[in-house]
Amino acid sequence: MAAEVKVGLMGLGTVGSGVVRLIEENGRDLYNQTGSKISIAKILVQDLDKERSLTVQKGLLTDQAEDILDNKEIDIVVEVMGGIDPARTYIRQALLNGKHVVTANKDVMALHGSELLLIAKEQECDLFYEASVAGGIPILRTLVDGFSSDRIGKIIGIVNGTTNYILTEMKQKGSAFADVLGQAQSLGYAEADPTSDVEGLDAARKMTILGRLGFHMNLSLEDVKVKGISDVTLEDVQFAGQMGYTLKLVGIAQLDGGKVEVSVQPVMLTDHHPLASVDGVYNAVYIYGDAVGETMFYGPGAGDLPTGTAVVSDLVTVVKSMRLGVNGKGAVAPYREKRLKSKREVFSKYFLRLRVRDEAGVLAQLTQLFAETAVSLERVLQLPCSEKGEAEIVLITHTASQHQLDSVKGRVEAMDAVIHIQSHYRVEGGSAV
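Conventions and cut-offs
Residues numbered from 1 in each chain as written. Predicted model: local features only at pLDDT ≥ 70, side-chain atom pairs only at ≥ 80, totals over all residues. Heavy atoms only, no water. Helix = DSSP H or I, 4+ residues; strand = E, 2+ residues; numbered from the N terminus. Rg over C-alpha atoms; globule rule 2.2 N^0.38 Å. Buried < 20%, exposed > 50% of the residue type's maximum accessible area, 1.4 Å probe, protein only. Areas by Shrake-Rupley, 256 points an atom, 1.4 Å probe, with all protein chains shown as cover. Lys, Arg positive; Asp, Glu negative; His and termini not counted. Charge placed at Lys NZ, Arg CZ, Asp CG, Glu CD. Pairing = 2+ DSSP bridges. Domains from an automatic or database assignment. Arc of directions from axis to C-beta. Contact = heavy atoms within 4.5 Å. Bend = angle between axes of the 7 residues up to and from the residue. Polar contact = N/O pair within 3.5 Å; in protein donor to acceptor, adjacent residues only side chain to side chain. Salt bridge = Lys/Arg side-chain N within 4 Å of Asp/Glu carboxyl O. Phe/Tyr/Trp six-rings, centres within 6.5 Å; stacked < 30°, edge-to-face > 60°. Lys NZ or Arg CZ within 6 Å of the ring centre and 35° of its normal. Axes fitted to C-alpha atoms, helices over the stretch in contact; angles between N-to-C directions.

## Let's talk about the overall build of the protein chain
If you tally the helices and strands in the protein chain, you get 14 helices and 17 strands. Relative to the 2.2 N^0.38 estimate, which gives 22 Å for 433 residues, the radius of gyration of the protein chain is 24 Å and therefore close to what a compact globule would have. By its C-alpha atoms, the protein chain is 80 × 45 × 30 Å across when sized along the principal axes. Burial analysis of the protein chain (433 residues in total) assigns 52% to the buried set. For the protein chain, the accessible surface area stands at approximately 19,100 Å², while carbon and sulfur atoms represent 47% of it. Of the side chains in the protein chain, 44 bear a positive and 56 a negative charge, and the two mean positions are spaced by 4 Å.

Written as structure tokens, this is what we have:
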């Protein structure tokens, strides 16, 4: 093995700059861990003349992908460009050219990871993507290595910092969704077009990756049921608080009896649940293992150095494997048949908030309806409403199936005394009382 391992870096934005800094500043440590000097040979950028906060040698920059992909001196390609194309094409070509790849690209790995991992295996190359989920939290390696002797039953996580920041601000400062979203955009936590974050698409891609690795099933993005936070109101957040819950956008992947459910949705977490205290832009992943029990991994979900650390950690693993001659042999292909739960097999408690006519007997009608649908109620809260002649009723059910919930909602909406169902959410973490 060569005394120097050369890297081609594709992208010099936030994460790419962090990777460069870490390789330059921690070069001695990286050498001591791997026995090789790791150096950046080329960096792909869109604009060669752009002013950057990070100073790099002009000769390292290129705007031609071929200068990296076809460069026989480059051993490892690090892709931190983001987006699906041309990143997917570049990763594929790098692997076909016999280069190992490290990427932070959740979009590519969620949508095309199975295809690319197969190519990597055929080419006896490594393809690592720790930084694609939860930034600096080493969650993917933990799933693959740390839980290799255990069987995972459930993965539940806060994996999008933007939405977690928004919901935290709504709870702590009593601000409306639109106001906090604008604040998040001004602080750089949210994009100008925040759709991917607030509608749950970013989190869904990460849960696809987590579910695929955790359950050894070839899950796809289409298997994830997704609901974002754009319809969450300040009143919902406040009602949750009054009843001992915290509202979070949560990804859930759960395996029962060989069948799996994967979802991203706003969830009412009991205040004593460890994820309920994860605030701001932080991420956390909570894992239920048959042997180890419950464990949680917490840390920054984005940023140049946290995410860059995950990238460089993968880089070190590749170089160590090069020294041992075992590249491309560590990946385990999904070996369980993919079987998805039906709505009759997805169980949870639920929170429902209703606007009703303020008339005698309405609550009795509701409880009778729930009883007829075999959905029992854990808690009921009735409050006056600002609109004359109307009232609000908040219900928390005992465990019921998604099918039962849909049936109840349909019958509730058909009641003359019910004006509309204002919101409904899944409840996790047991009882808040």
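## Considering the pairing of strand 2 (residues 37–44)
In terms of burial, strand 2 is largely enclosed, as six of its eight residues are buried. In this structure, strand 1 (residues 4–10) lies alongside strand 2, joined through seven bridges in parallel fashion. Across the sheet, residue Gly8 finds its bridge partner in strand 2, namely Lys42. Pairing between strand 2 and strand 3 (residues 61–62): two bridges, direction parallel. Residue pairing across strands places Leu44 opposite Thr62, the latter belonging to strand 3.

## Considering the domain arrangement of the protein chain
Annotation of the protein chain at the domain level lists domain 1 (4–133 + 304–324), domain 2 (140–300) and domain 3 (347–428). The C-alpha centroid of domain 3 is placed 52 Å from the C-alpha centroid of domain 1.

## Regarding helix 6 (residues 139–146)
By the burial criterion, the buried members of helix 6 are Ile139, Leu140, Thr142 and Leu143. Here the buried residues of helix 6 occupy an arc of 165° about the axis, which is enough to place them on one side. Each element contacted by the buried residues of helix 6 is listed here: strand 7 (152–158), helix 10 (201–215), strand 11 (282–289) and strand 12 (293–300).

## What to know about helix 5 (residues 106–122)
Bending of helix 5 peaks at approximately 85° at the position of His112. Along helix 5, the residues classified as buried are Asp107, Val108, Met109, Ala110, His112, Gly113, Leu116, Ile119 and Ala120. On the buried face of helix 5, the contacting elements are helix 4 (87–96), strand 5 (100–103), strand 6 (127–128) and helix 10. Two to three positions downstream of the cap, the backbone nitrogen of Asp107 sits 3.2 Å from a side-chain oxygen, assigning the N-cap of helix 5 to Asn105. Of the residues one or two after helix 5, Glu124 is the one with positive phi, at around 55°.

## Section: the pattern of salt bridges
Applying the stated criterion to the full structure yields 26 salt bridges. The salt bridge involving Lys106 is made with Asp202; its shortest N-O contact spans 3.1 Å. Within this pair, whereas Lys106 is found in helix 5, its partner Asp202 is found in helix 10, the two being separated by 96 residues in sequence. Between Arg205 and Asp107 there is a salt bridge whose closest N-O contact spans 3.0 Å. Here Asp107 lies in helix 5 and Arg205 lies in helix 10, a separation of 98 residues in the sequence. Taken together, the salt bridges that share partners define one network made up of Lys154, Asp256, Glu261, Lys341, Arg426 and Glu428.

## As for the packing of aromatic side chains
All told, the structure shown has four aromatic pairs when counted by the stated rule. Ring geometry for Tyr165 versus Tyr189: centroids 4.9 Å apart, planes at 65°, classification edge-to-face. Taken together, the residues Tyr165 in helix 7 (residues 161–173) and Tyr189 in the loop between helix 8 (177–186) and helix 9 (195–198) connect sequence positions 24 residues apart. Looking at Tyr189, the relative accessible area reads 37%, which means it is partly exposed. Centre to centre, the rings of Tyr286 and Tyr288 are 5.2 Å apart; their planes meet at 75°, and the pair counts as edge-to-face. The aromatic ring of Tyr288 is capped on one face by Lys154, whose charged end is 5.5 Å from the ring centroid.

## Focus: the sheet that holds strand 2
Pairing is parallel across the open sheet formed by six strands, whose spatial order is 3-2-1-4-5-6. At either margin of the open sheet sits one strand with a lone partner, and together these are strand 3 and strand 6. Note: strand 4 (residues 76–79) against strand 5, four bridges, orientation parallel. Looking at the pairing, Val77 lines up with Val101 of strand 5. Its contacts with the sheet place helix 4 against strand 1, strand 2, strand 4, strand 5 and strand 6, and it is angled at close to 155° to strand 5.

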